[in-house]
Amino acid sequence: MGLIFTCEEVARQIKQFSIFEMHHLIEVPANHDVDDRISHHTDLSVAIIQNQVFIEPSCFNLVFDKVKSVGYGTEHLYCGETRLNKVYPYDIAYNVLPLGEKLFHKVAYTDAILKKNAKIELIDVNQGYTRCSVLPVGHAAAITSDEGLYRILKTYGYNVLKVRAGHILLEGYDHGFIGGVGGAVEDYMVLNGSLDSHPDEDKMRQFILDQNYKIIELHRGPLEDVGSILYSQR
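Residues numbered from 1 in each chain as written. Predicted model: local features only at pLDDT ≥ 70, side-chain atom pairs only at ≥ 80, totals over all residues. Heavy atoms only, no water.

Visitor: Go over helix α3 (residues 57-69), please, and point to the residues and values.
Guide: Owing to its 3.6 residues per turn, the α-helix aligns residues three or four sequence positions apart on the same side. End to end, α3 covers 19 Å across 13 residues, agreeing with the expected 18 Å (1.5 Å per residue, within 8%). Those residues of α3 lying buried are Cys 59, Phe 60, Val 63 and Val 67. Contacts made by the buried residues of α3 are with β1 (2-6), β2 (24-27), α2 (42-45), β4 (52-55) and β5 (77-79). Phi turns positive one or two residues past the end of α3, at Gly 71, with a value near 90°. (Helix = DSSP H or I, 4+ residues; strand = E, 2+ residues; numbered from the N terminus. Expected span 1.5 Å × (residues − 1). Buried < 20%, exposed > 50% of the residue type's maximum accessible area, 1.4 Å probe, protein only. Contact = heavy atoms within 4.5 Å.)

Visitor: Describe the environment of Val 181, with residues and values.
Guide: Tracing the sequence through the fold places Val 181 in the loop between β11 (159-162) and β12 (182-185). Under the relative-accessibility criterion, Val 181 is labelled buried at 0%. Separated by 165 residues in sequence, Val 181 and Gln 16 place their C-alpha atoms 18 Å apart. Sequence-distant contacts of Val 181, that is, excluding residues within four places in its chain, are made with Ile 168, Val 190, Leu 191, Asn 192, Leu 223, Glu 224 and Asp 225.

Visitor: I'd love a proper account of the pattern of salt bridges, names of residues and values included.
Guide: Summed over all chains, the structure comprises 14 salt bridges. The shortest N-O distance in the salt bridge between Arg 205 and Glu 201 comes to 3.2 Å. Linking Arg 205 with Glu 201, this pair stays in helix α7 (residues 201-210), spanning four residues, or about one helical turn. Three or more residues joined by partner-sharing salt bridges are found here, namely Asp 196, Glu 201, Arg 205, Glu 217 and Arg 220. (Salt bridge = Lys/Arg side-chain N within 4 Å of Asp/Glu carboxyl O.)

Visitor: Got a sec to walk through the side chain of Asp 91? Specific residues and values, please.
Guide: Here Asp 91 shows up in the loop between β5 and β6 (97-99). There is no salt bridge for the buried Asp 91, and the closest opposite charge comes from Arg 37, which lies 8.8 Å off by N-O distance. Within polar-contact distance, the side chain of Asp 91 engages the side chain of Tyr 129 at 2.6 Å. Those residues in contact with Asp 91 that sit more than four places away from it in its chain are Val 34, Ile 38, Leu 44, Leu 84, Asn 85 and Tyr 129. (Lys, Arg positive; Asp, Glu negative; His and termini not counted. Polar contact = N/O pair within 3.5 Å; in protein donor to acceptor, adjacent residues only side chain to side chain.)

Visitor: Tell me about the sheet that holds β5, and please be specific about residues and values.
Guide: Spatially, β3-β4-β5 is the arrangement adopted by the three strands of the open sheet, whose pairing is mixed. Taken across any chain shown, the strands that pair with only one partner, and hence form the sheet edges, are β3 (46-49) and β5. Taken pair by pair, the neighbouring strands of this sheet meet at an average axis angle of 20°, ignoring direction. Here four bridges tie β3 to β4, and the two strands are oriented antiparallel to one another. By the bridge assignment for β4, Val 46 is matched with Ile 55. Packed on one face of the sheet, α3 meets β4 and β5 and runs near 155° to β5. (Pairing = 2+ DSSP bridges. Axes fitted to C-alpha atoms, helices over the stretch in contact; angles between N-to-C directions.)

Purely geometric stuff here, so don't read any function into it on its own.
Below you can see the structure in the form of structure tokens.
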């Protein structure tokens, strides 16, 4: 049992799957301080690091109240210090990538409250949209199309599958990113769309299965970047 953080549209789709009934869906409100095309992206406003939940200030009260309303303790919720805006890199403060005992991000722009309270080693990288760019598959494996992150993760010993860029929808942009299409909920990899819309479908499907995850495709349409699906286990 745990908390699934995502946008309203994805939450509606997840509700159709009875296997997730034991979890609580926390719909994260759109953050209108960032570009309207990605204002609903949860991974811009929320970061989950070893079940600590860091939340952008403009969203904090609403998310706090939703977590409290489902009977969860709120001692693991932190209100961040950084207010986001529409201009990169001032919209990336919470878009961090936790993998095992390490946290990857463009450290100069990581939220100060997050850096102070996360009990994890922080690794500096050039890609500010770190979580958008990488789909974690457990604590030691990941999928990405970003060459720089691929090389860094391999250097630190992670099992990384590099896939072709593009082939992922993101309204208003040429394409989205693999990290934004979903996330792990216990032993399920939940994806917003179908892997068969990507030219590296077979490689991704086998890679996810090899990490002992079952694959849930929320619909049969193309993969779509919706700002990730984030999970905090109780």
